[in-house]
Amino acid sequence: MIKVETDYALCPKFEKAFSILGKKWNGLIIDVLLEDGKQRFVDLAKKIPQVSDRVLVERLKELEREEIVCKEDNLYCLTPRGVALEKSMMSVKRWAETWVREEECS
């Protein structure tokens, strides 16, 4: 039997997407903005109480740099790039409802 080796490399774009979305709190921030629209900082902080204000500021700035979130008139909102994540976020929610057990949630 001949063993065939293949090199597997992550797609750089896929890797970049997961580096953004996989960072703690980013998915929840995006989800709140998808669900509830434009938000003041204090409203986001209330809806994600586990995140410190310092970390929330950092994550919002990162999402702004990635052009997923923007700040207009002291309100954070999703850019078209952020809104385009809606179907992906819904798919993740459906997956979680099916496969994540209650005891796995903290």
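Residues numbered from 1 in each chain as written. Predicted model: local features only at pLDDT ≥ 70, side-chain atom pairs only at ≥ 80, totals over all residues. Heavy atoms only, no water.

### Remarks on a nonpolar patch on the surface
Phase 1: Side chains of Y8, L10, F14 and F18 sit close together on the surface and give an oily, nonpolar patch of about 510 Å² of accessible area.
Phase 2: Tracing the sequence through the fold places Y8 in the segment before α1 (12–21).
Phase 3: The class of Y8 is exposed, set by a relative accessible area of 71%. (Patch = residues over 30% accessible without salt bridge, like charges linked within 9 Å, V, L, I, M, F, W, Y side chains within 5 Å. Areas by Shrake-Rupley, 256 points an atom, 1.4 Å probe, with all protein chains shown as cover. Salt bridge = Lys/Arg side-chain N within 4 Å of Asp/Glu carboxyl O. Helix = DSSP H or I, 4+ residues; strand = E, 2+ residues; numbered from the N terminus. Buried < 20%, exposed > 50% of the residue type's maximum accessible area, 1.4 Å probe, protein only.)

### A look at the pattern of salt bridges
Phase 1: Taken as a whole, this structure holds 13 salt bridges when the rule is applied.
Phase 2: The residue K93 makes a salt bridge to E35 at a minimum N-O spacing of 3.0 Å. Taken together, the residues K93 in helix α6 (residues 86–99) and E35 in helix α2 (residues 26–36) connect sequence positions 58 residues apart.
Phase 3: Two residues, D43 and R40, come together in a salt bridge whose shortest N-O distance is 3.2 Å.
Phase 4: Residue classification places D43 among the partly exposed positions, given a relative accessible area of 22%.

### A short note on the UniProt feature "domain: HTH hxlR-type" (unreviewed entry) in the chain
Phase 1: According to UniProt, the "domain: HTH hxlR-type" (unreviewed entry) feature falls on residues 11–104.
Phase 2: In the segment residues 11–104, helix accounts for 63% and strand for 9%; the C-alpha atoms at its two ends are 30 Å apart. (UniProt positions renumbered as here; feature names shortened; annotations may be inferred.)

### Brief notes about the nonpolar core
Phase 1: Core analysis: the biggest nonpolar cluster contains 21 residues, and I29, I30, I68 and V69 have the highest contact counts within it.
Phase 2: When residues of this core are assigned to their parent elements, the largest contribution, 5 residues, is made by α2.
Phase 3: Leaving out residues up to four positions away in the same chain, I29 has contacts with I48, L56, R59, L60 and L63. (Core = buried A, V, L, I, M, F, W, Y, C linked by side-chain atoms within 4.5 Å. Contact = heavy atoms within 4.5 Å.)

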